[in-house]
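What follows is each chain in one-letter form.
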Amino acid sequence: MHLLGHFKTITHHKLLVMGYCFRVGLIRQGLMHDMSKYSLTELRVGAKYYTGTKSPNALEREELGYSTAWLHHKGRNRHHLEYWIDYGGRDFHIMGHPMPTKYMVELCLDRIAACRVYHGKNYTDRDPLDYLVNSRDSRMMHPVTKAQVVEILTMLAEKGEKETLRYIRRVVLKHAVALYPSLPEPEGDPAEKDPCFLSGNQLKELADELGTPFYLYDEKGIVETSERLKDAFSWANGYRNFFPVKATPTAGILKLLREHGHGVVCSSAAELELCRRCGFKGDEILFLPNYPREEDLAMAEQVPCMPVLDDLGLLSRFLNHGLLRGTVGIRVKPDGMFRFGLTEVSPDSMKFGVTASALKAAIPKLKEAGIRSMGLHSYMAGNTMSPEYYPRLTAFLCDLALELSRDIQIDYINISGGIGIAYRPGQQQMDLAAAASAVKAVFQEKLTGSTLVNPGLYTELGRFVTGPHGVLVTRVTHIKEEKRTFAGVDASSADLMRPMMYGAYHHISVAGKECVKDRKPYDVVGAVCENTDKLAENRMLPALEAGDVLAIHDAGAHGHSMGYQYGGRLRSGEYLLHPNGEVQQLRRPETIEDYLSTQVF
Ligand SMILES: *Cc1c(COP(=O)(O)O)cnc(C)c1O
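(A) Seen up close, the overall build of the protein. In terms of helices and strands, the protein carries 21 helices and 23 strands. Compactness check: the protein gives a C-alpha radius of gyration of 28 Å against a globular reference of 25 Å for 601 residues, within 12% of the reference. Structurally, the protein occupies a C-alpha span of about 95 × 70 × 40 Å along its principal axes. A burial count over the protein gives 54% of its 601 residues as buried. Total accessible area computed for the protein in this model is approximately 27200 Å², and 52% of it derives from carbon and sulfur atoms. Considering the protein, the positive charge centre built from 71 side chains and the negative charge centre built from 72 side chains are found 7 Å apart.

(B) Seen up close, the site of the ligand. Taken together, 13 residues surround the ligand, and among them Lys-246, Gly-418, Glu-460, Arg-463 and His-558 come closest. The contact in question runs from a nitrogen atom of the ligand to an N or O atom on the side chain of Glu-460, over 2.5 Å. Burial of the ligand by the surrounding chains reaches 91%, relative to a free accessible area of 390 Å².

(C) Region of interest: the environment of Gly-568. Relative to the elements of secondary structure, Gly-568 occurs in the loop between strand S21 (549-552) and strand S22 (573-577). Residues Gly-568 and Ile-592, spaced 24 residues apart in sequence, show a C-alpha to C-alpha distance of 8.7 Å.

(D) Molecular detail of helix H17 (residues 389-404). In this model, H17 (16 residues) spans 23 Å end to end at C-alpha, consistent with the 22 Å of a helix rising 1.5 Å per residue. Summarising burial for H17: 13 of the 16 residues are buried, a large majority.

(E) Structural context of the nonpolar core. The biggest cluster of nonpolar side chains holds 95 residues, and the ones touching the most others in it are Ile-330, Leu-359 and Met-374. At nine residues, H17 tops the list of elements feeding residues into this core. Setting aside residues up to four positions removed in sequence, Ile-330 forms contacts with Val-308, Leu-309, Leu-312, Val-354, Leu-359, Leu-366, Met-374, Gly-375, Leu-376 and His-377.

(F) Spotlight on the pairing of strand S16 (residues 470-481). Across four bridges, the pairing between strand S4 (residues 214-218) and S16 is antiparallel. Bridged to Tyr-217 within S16 is Gly-470. Pairing of S16 with S21 involves four bridges; the strand directions are antiparallel. Looking at the pairing, Thr-474 lines up with Leu-550 of S21. Note that S16 and strand S17 (residues 485-489) share five bridges and pair antiparallel. The residue bridging His-478 from the neighbouring strand is Gly-488, located in S17. The loop that links S16 with its antiparallel partner S17 comprises three residues.

(G) Examining a positive patch on the surface more closely. A grouping of Arg-166, Arg-169, Arg-170 and Lys-174 is seen on the molecular surface, where their side chains present a positively charged patch. Examined against the element boundaries, Arg-170 turns out to sit in helix H9 (residues 161-172).

(H) Structural context of the environment of Ser-373. Following the sequence through the fold, Ser-373 ends up in strand S13 (residues 373-377). Each residue touching Ser-373, except ones within four places of it in the same chain, is listed here: Gly-326, Thr-327, Val-328, Ile-408, Gln-409 and Asp-411.

(I) Up close: the pairing of S22. When you tally the buried positions in S22, you get five out of five residues, the bulk of the element. Because side chains alternate across S22, one face comprises the buried residues Gly-573, Tyr-575 and Leu-577, and the other comprises Glu-574 and Leu-576, equally buried. Looking at chain direction, S4 and S22 are connected through five bridges and run parallel. Of the residues in S22, the one forming a bridge with Tyr-217 is Leu-576. The pairing of S22 with strand S23 (residues 583-587) spans four bridges and is classified as antiparallel. In the sheet register, Glu-574 faces S23, and the bridge partner there is Arg-587. Counted between consecutive antiparallel strands, the loop separating S22 from S23 contains five residues, among which Gly-581 sits at a positive phi close to 95 degrees.

(J) Highlighting the packing of aromatic side chains. Counted by the stated rule, this structure contains 14 aromatic pairs. Both rings, one in Phe-214 and one in Tyr-575, keep their centres 5.7 Å apart while their planes meet at 85 degrees; by these two values the pair is edge-to-face. Highlighted residues: Phe-214 in strand S4 and Tyr-575 in strand S22, separated in sequence by 361 residues. The class of Phe-214 is buried, set by a relative accessible area of 1%. By relative accessible area, Tyr-575 is classed as buried at 7%. Connected via pairs of aromatic rings, a cluster forms that spans Phe-233, Trp-235, Tyr-239, Tyr-389, Tyr-390 and Phe-443. Across the ring face of Phe-280, the terminal group of Arg-258 is positioned such that the distance to the ring centre comes to 5.8 Å. In this structure, Arg-539 is placed above the aromatic ring of Tyr-505, and the distance from its NZ or CZ to the ring centre is 3.9 Å.

(K) Local environment of the packing of helix H1 (residues 3-24) against helix H6 (residues 101-119). Packing of H1 against H6 leaves a shortest axis separation of 9 Å and a crossing angle of 135 degrees. Relative to H6, the element H1 lies oblique. H1 and H6 meet at a crossing whose hand is right-handed. Contacts between H1 and H6 involve His-12, His-13, Leu-16, Val-17, Tyr-20, Cys-21 and Val-24 from the former and Val-105, Glu-106, Leu-109, Asp-110, Ile-112, Ala-113, Ala-114, Arg-116 and Val-117 from the latter. Within the contact of H1 with H6, the residues separate by chemical class into 11 nonpolar, two polar and three charged.

The rules behind each value
Residues numbered from 1 in each chain as written. Predicted model: local features only at pLDDT ≥ 70, side-chain atom pairs only at ≥ 80, totals over all residues. Heavy atoms only, no water. Helix = DSSP H or I, 4+ residues; strand = E, 2+ residues; numbered from the N terminus. Rg over C-alpha atoms; globule rule 2.2 N^0.38 Å. Buried < 20%, exposed > 50% of the residue type's maximum accessible area, 1.4 Å probe, protein only. Areas by Shrake-Rupley, 256 points an atom, 1.4 Å probe, with all protein chains shown as cover. Lys, Arg positive; Asp, Glu negative; His and termini not counted. Charge placed at Lys NZ, Arg CZ, Asp CG, Glu CD. Near = heavy atom within 4 Å. Polar contact = N/O pair within 3.5 Å; in protein donor to acceptor, adjacent residues only side chain to side chain. Expected span 1.5 Å × (residues − 1). Core = buried A, V, L, I, M, F, W, Y, C linked by side-chain atoms within 4.5 Å. Contact = heavy atoms within 4.5 Å. Pairing = 2+ DSSP bridges. Patch = residues over 30% accessible without salt bridge, like charges linked within 9 Å, V, L, I, M, F, W, Y side chains within 5 Å. Salt bridge = Lys/Arg side-chain N within 4 Å of Asp/Glu carboxyl O. Phe/Tyr/Trp six-rings, centres within 6.5 Å; stacked < 30°, edge-to-face > 60°. Lys NZ or Arg CZ within 6 Å of the ring centre and 35° of its normal. Axes fitted to C-alpha atoms, helices over the stretch in contact; angles between N-to-C directions. Parallel < 35°, antiparallel > 145°, perpendicular 65-115°, else oblique. Left-handed = near helix turned anticlockwise from the far one by under 90°. Nonpolar A, V, L, I, M, F, W, Y, C, P; charged D, E, K, R; others polar.

Here's what the structure looks like:
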């Protein structure tokens, strides 16, 4: 028996973790950390198998096949991911559930302390991250918890302990929205992303029949994603996704979305009128203009909708138009700095939203204006793949809602959109079900037993719903071989602006040459007189020739809608592929007469 040696080891570890816990403000957890190690069950095993260099639990496990001390320990210490393993999910399998933030933080601190003890003077700030990446137990960790742990340990590796502890104390535990990038994803094989919802032959036939370029949407994909979304949030009270009209303002798509339970978010008079004609009304429309013109507000008088204020200064203008009937949504942003990836963003530079503190101060004024209840909105990131984005934002909004609910009724929380899609080969689609279950955990953690009973939950996902289910189909017009090879196509940045505007990646496949391994680099370029008019640069594609039909993927959102007529390019038509194979025109291609129709000669 080596009771004394074992006692010293566990106490050394406990004091280290306690020090870290105190530094981030987790006093109670610091005091209670690993207390069960001093219980008879665990002490006995620790003393019996003590060597000083190896874990006693591991040695007991070697002898018995399992460790009685560990089974005792993991059931009593919430900073272990094993504490959070239980049955769950749709098929009721054993799985890791999301850990509340304070225990996730304690887990990180526990690992840092353990690495420090094991590695002694060879310890570096990178060790805890390496340990996590190489360890098997983290496979059982809930994806959102894992993303949060990776975020903290990546920061430790890159910025050191002092800054990481400060970040945990000031940002992570305060639930400010912070997005540190997840582990970099490996670049995938482009051939693997080639297949699209129509075969190469079908695409070629359609291109011959309709004339290129055109947008084609896949009804089956849009419906499946809609169902998946509803399923993920089925636990939430009055859940609804409000599709941002700017993503795909096409009547045929909006009507399809309405049939599958989506509402819409409109920001202008034109979008309101479009949605009214698609049959949306009342609580199916969120009206969230920023810096609105009078015409926008006047249209909202005609189209029943749920108004949302982007600034408290808009209150009187909304009142003048009779838009506020006792309830209103407010778009909020945090008071302090928050992060997008590695860059810190100051709320001062953000044109959207009201700071949380300004909103708190304005409650009496809102009540005076007859507001009896409100919904809270926030939209912090676009196209994010961080699974912790939604839970973090939910925590921020729940904290604020709880505080406000002492003075005013809170009807709903709207965590908005901005979830990204896998544009690149090999990129992982974000696990929406996991993010939604983490949002649920935050709701339970924050609201159970509170005065705020079951507020509604809304999202505003656009790209996630239609993005992957649309392609821009175009034809190669001319190949120019120089040091680089340019493949000219009949679509351009006027049809799809994202590559030119943000250097965005859109995958390109060649009809009939999908999955071909032998490739060479091309610049795929349009006919607009700008050298930046490139849909792809240095893209590895199968050998191209004039006449080839290309599908430009993931163009179902923020694609056609961002089109313009620069250089006399006319906007292309849009079509919907029904599950039975029929193709329906949703919008005809523009003609030269359309181009001229607004001009005065
Ligand atoms: C653009 C926008 C979104 C999000 O759009 P995604 O397509 O999900 O990126 C959500 N809400 C509002 C009000 C928006 O303007």
